[in-house]
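Spelled out, the chains give:
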Amino acid sequence: MSQGSSQRPHRVAVIVDAGTNPFEVGVATEIFGLPRPELGMERPPYEVTLCAPASEVRMNHGFFTLTRVPGLDAVDDADTLVVPGRPDNVVPRGAAVLDAIRRTHARGARVISLCTGSFALAEAGLLDGRRATTHWLWADSFRDLHPKVLLEPDVLFVDEGDILTAAGSAAALDLGLHIWRRDHGAEIANAVSRRLVFAAHRDGGQRQFVERPVPDVPDESLGPLLAWAQERLGEPVTVADLAARAAVSPATLHRRFRTQLGTTPLTWLTGERVALACRLIERGEERLDVVAARSGLGTAANLRARVRRETGLSPSAYRRRFGPAPGEAVRV
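Residues numbered from 1 in each chain as written. Predicted model: local features only at pLDDT ≥ 70, side-chain atom pairs only at ≥ 80, totals over all residues. Heavy atoms only, no water.

**Student:** Explain the overall build of the protein to me, please; I cannot follow it from the model alone.
**Tutor:** In terms of regular secondary structure, the protein is built from 13 helices and ten strands. Here the protein holds 332 residues, and 46% of them are scored as buried. A fraction of 63% describes how many contacts in the protein between residues 6 or more apart in sequence connect residues 24 or more apart. (Helix = DSSP H or I, 4+ residues; strand = E, 2+ residues; numbered from the N terminus. Buried < 20%, exposed > 50% of the residue type's maximum accessible area, 1.4 Å probe, protein only. Contact = heavy atoms within 4.5 Å.)

Pasting the structure below:
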C-alpha cells in the first residue's frame, strides 16, 4: 500500500459529512495535519485535506459549520482516507460519500474509520468478512445492520492492513499514533505522543472501557511519589517502599491510590514497569533478560507474561510491530 512518494507528503483526506462529530475531525487534523518541527524532518510527513459532499457542512448538534469545504473528488489524490463518526448511525450515508469511500479503497489507498465511522465503511461494503471495531455503545446496532462484519467490540482499534477501525472517540488518538508507528517507526511515534501528552504504548487489543472511580474527596497528591518511583523502576522497589517513602501505612497508601488513580499501588507499579519494558523493546533492545532487569520485571519469563497480559502481544511480536527495522542500531 502506497505511503506517498518521497517527493511529496503522504496525502490524507478527511470526509466531513452532515452531522459528523467535531472531535474526530479534530483528532485527524491534530494527528496528521500539524507541522512537527520537533521531529527534525525536512518536510511535513502528512498533508491533510477536508472534503465533503457539499461546500457547507453543519456538524453534530450545529456546534460548528464548515464553509468552502473542497468536494469529494479530493479523495482521488489521497494516500489515506479518514472517515469520522456521527451519532445518527442507522441513517444511511449519501451515495456520493459511499462512492468516494469505495473508489478510494478500490485503487489501493488506506481507509480509516474513527469511532462510528465504521458504519460508513460497512455500508460501503468494505468490511464484509473482515475484522473491525466501533464504539461499544453502538455494537448491537452495528451487528444488526452489518452481520457479515467480524465485529470486535471490546478493543481500542483493529488494524487489517489497508483498513483500520478505531473504537470510541479517544481511541482515534491510539489509532493515529499506531499509524505514525507503522509509517515512521516507534521513536517518531513516541515523540508525537509526547507532544500530544498522550500514552504511546496502548495496543489495539486493550479493552475500550476500564472502571476508574472518580475521587469523592481530594487526597494528598501522589505526584512526587510517582515521580520518585518512575526514576527507580529497575530497582527492587516494593509497595512497602512506596509507603515508607510517602510516610504512610501500606493501607493508607492503598486507599490513596484507589482514590486518585483508581488502581492499587502494585498494579500501578507493574504497569509502569511494563511500559518501560515496551519502550526498551521499541528502541531496539533484543535481550529479554536485559529488558526484564532494567524494567524491574526480574526475569524473562515474567517479562513475557506481563507484556502479553498488558498488550496482547509477546515481546517478540511487540518487537516486530514496534521495534526498529533490522540493522538499526540499538538506542537504549
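Moving on from the coordinates now.
**Student:** Is there a simple way to think about helix α10 (residues 265–282) in this case?
**Tutor:** Given 3.6 residues per turn, any residue in an α-helix points the same way as the ones three and four places further on. The end-to-end C-alpha separation of α10 is 26 Å, in line with the 26 Å expected for 18 residues at 1.5 Å each. Looking one or two places after α10, you find Gly284, whose phi comes out positive at around 115°. (Expected span 1.5 Å × (residues − 1).)

**Student:** Can you help me understand the nonpolar core in this one?
**Tutor:** Across soluble globular proteins, nonpolar side chains show a tendency to be buried alongside one another. Counting 31 residues, the largest nonpolar core has Leu225, Leu242, Leu253, Phe257 and Leu303 as the members making the most contacts within it. Of the residues forming this core, the biggest block, eight residues, is contributed by α10. Those residues in contact with Leu253 that lie beyond four places of it in its chain are Leu222, Leu225, Val239, Leu242, Ala243, Ala246, Val248 and Pro265. In this structure, Ile31, Ala166, Ala171 and Leu175 belong to the second largest nonpolar core, which totals 27 residues. (Core = buried A, V, L, I, M, F, W, Y, C linked by side-chain atoms within 4.5 Å.)

**Student:** Just checking my understanding: could you explain the packing of helix α5 (residues 171–184) against helix α6 (residues 186–196) for this structure?
**Tutor:** Packed helices, taken two at a time, are described by their axes: the angle between them and the distance between them. Packing of α5 against α6 leaves a shortest axis separation of 7 Å and a crossing angle of 150°. Our classification of the angle between α5 and α6 gives roughly antiparallel. For the element pair α5 and α6, the recorded crossing hand is right-handed. Between α5 and α6, the residues in contact are Leu173, Leu177, Trp180, Arg181 and His184 and Ala186, Ile188, Ala189, Val192, Ser193 and Leu196, respectively. (Axes fitted to C-alpha atoms, helices over the stretch in contact; angles between N-to-C directions. Parallel < 35°, antiparallel > 145°, perpendicular 65-115°, else oblique. Left-handed = near helix turned anticlockwise from the far one by under 90°.)

**Student:** Teacher, can you tell me more about unusual backbone geometry here?
**Tutor:** With the exception of glycine, most residues fall at negative phi, and the peptide bonds are largely trans. Located in the positive-phi region is Cys115, a residue other than glycine, with phi close to 55°. By the element assignment, Cys115 lies in the loop between β6 (110–113) and α3 (118–123). Assessed through its relative accessible area of 4%, Cys115 is described here as buried. For Ala247, which is not a glycine, the phi torsion comes out positive at approximately 60°. Within the secondary structure layout, Ala247 lies in the loop between α8 (239–246) and α9 (250–261).

**Student:** Before we go on, may I ask you to explain the packing of helix α1 (residues 22–33) against α5 in this structure?
**Tutor:** As a packed pair, α1 and α5 sit with axes 10 Å apart at the nearest point and diverge in direction by 20°. Relative to α5, the element α1 lies roughly parallel. The handedness of the crossing between α1 and α5 comes out as right-handed. Counted together, Val27, Ile31 and Phe32 of α1 and Ala172, Leu173, Gly176, Leu177, Ile179 and Trp180 of α5 form the full contact between these two elements. Residues that form the contact of α1 with α5 fall into these classes: eight nonpolar, one polar and no charged. (Nonpolar A, V, L, I, M, F, W, Y, C, P; charged D, E, K, R; others polar.)

**Student:** Help me understand the sheet that holds β6 in this model?
**Tutor:** Either a parallel or an antiparallel arrangement is found when strands of a sheet pair, and the pairing is made through backbone hydrogen bonds. Pairing in this open sheet of six strands is mixed, and the strands run β2-β1-β5-β6-β10-β9 from one edge to the other. Since the sheet does not close on itself, it has two edges, and those belong to β2 (46–51) and β9 (157–159), each with one partner. Each neighbouring strand pair of the sheet contributes to a mean axis angle of 15°, computed without reference to strand direction. Alignment of strand β1 (residues 10–15) against β2, held across six bridges, turns out to be parallel. Across the sheet, residue Arg11 finds its bridge partner in β2, namely Glu47. (Pairing = 2+ DSSP bridges.)

**Student:** Explanation requested: the pattern of salt bridges in the structure shown.
**Tutor:** Pairs can form between side chains of opposite charge once their charged atoms are near each other. Under the definition given, this model contains 16 salt bridges. Among the salt bridges present, the one from Asp17 reaches Arg86, with a minimum N-O distance of 3.3 Å. On the criterion of sequence distance, the pair formed by Asp17 in the loop between β1 and α1 and Arg86 in the loop between β5 (80–83) and α2 (95–106) is long-range, its members being 69 residues apart. The pair formed by Asp17 and Arg86 is uniform in burial state, with each residue classed as buried. A salt bridge links Asp162 to Arg130; its shortest N-O distance comes to 2.5 Å. (Salt bridge = Lys/Arg side-chain N within 4 Å of Asp/Glu carboxyl O.)

**Student:** Would you mind going over the side chain of Asp79 with me for this structure?
**Tutor:** Relative to the helices and strands, Asp79 is located in the loop between β4 (65–66) and β5. From its side chain, Asp79 meets the backbone nitrogen of Arg11 in a polar contact 2.8 Å long. (Polar contact = N/O pair within 3.5 Å; in protein donor to acceptor, adjacent residues only side chain to side chain.)

**Student:** Would you mind showing me how to read the packing of aromatic side chains here?
**Tutor:** All told, the structure shown has five aromatic pairs when counted by the stated rule. Ring plane angle 65° and centroid distance 4.7 Å describe the contact between Tyr318 and Phe322, whose orientation is recorded as edge-to-face. In this pair, Tyr318 and Phe322 both sit in helix α13 (residues 315–322), four residues apart, roughly one turn of the helix. With a relative accessible area of 4%, Phe322 lands in the buried category. Among the aromatic residues, ring-to-ring pairing joins Phe32, Tyr46 and Trp180 into one connected group. If you follow Arg181 out to its NZ or CZ, it ends over the ring of Phe322, 4.1 Å from the centre. (Phe/Tyr/Trp six-rings, centres within 6.5 Å; stacked < 30°, edge-to-face > 60°. Lys NZ or Arg CZ within 6 Å of the ring centre and 35° of its normal.)

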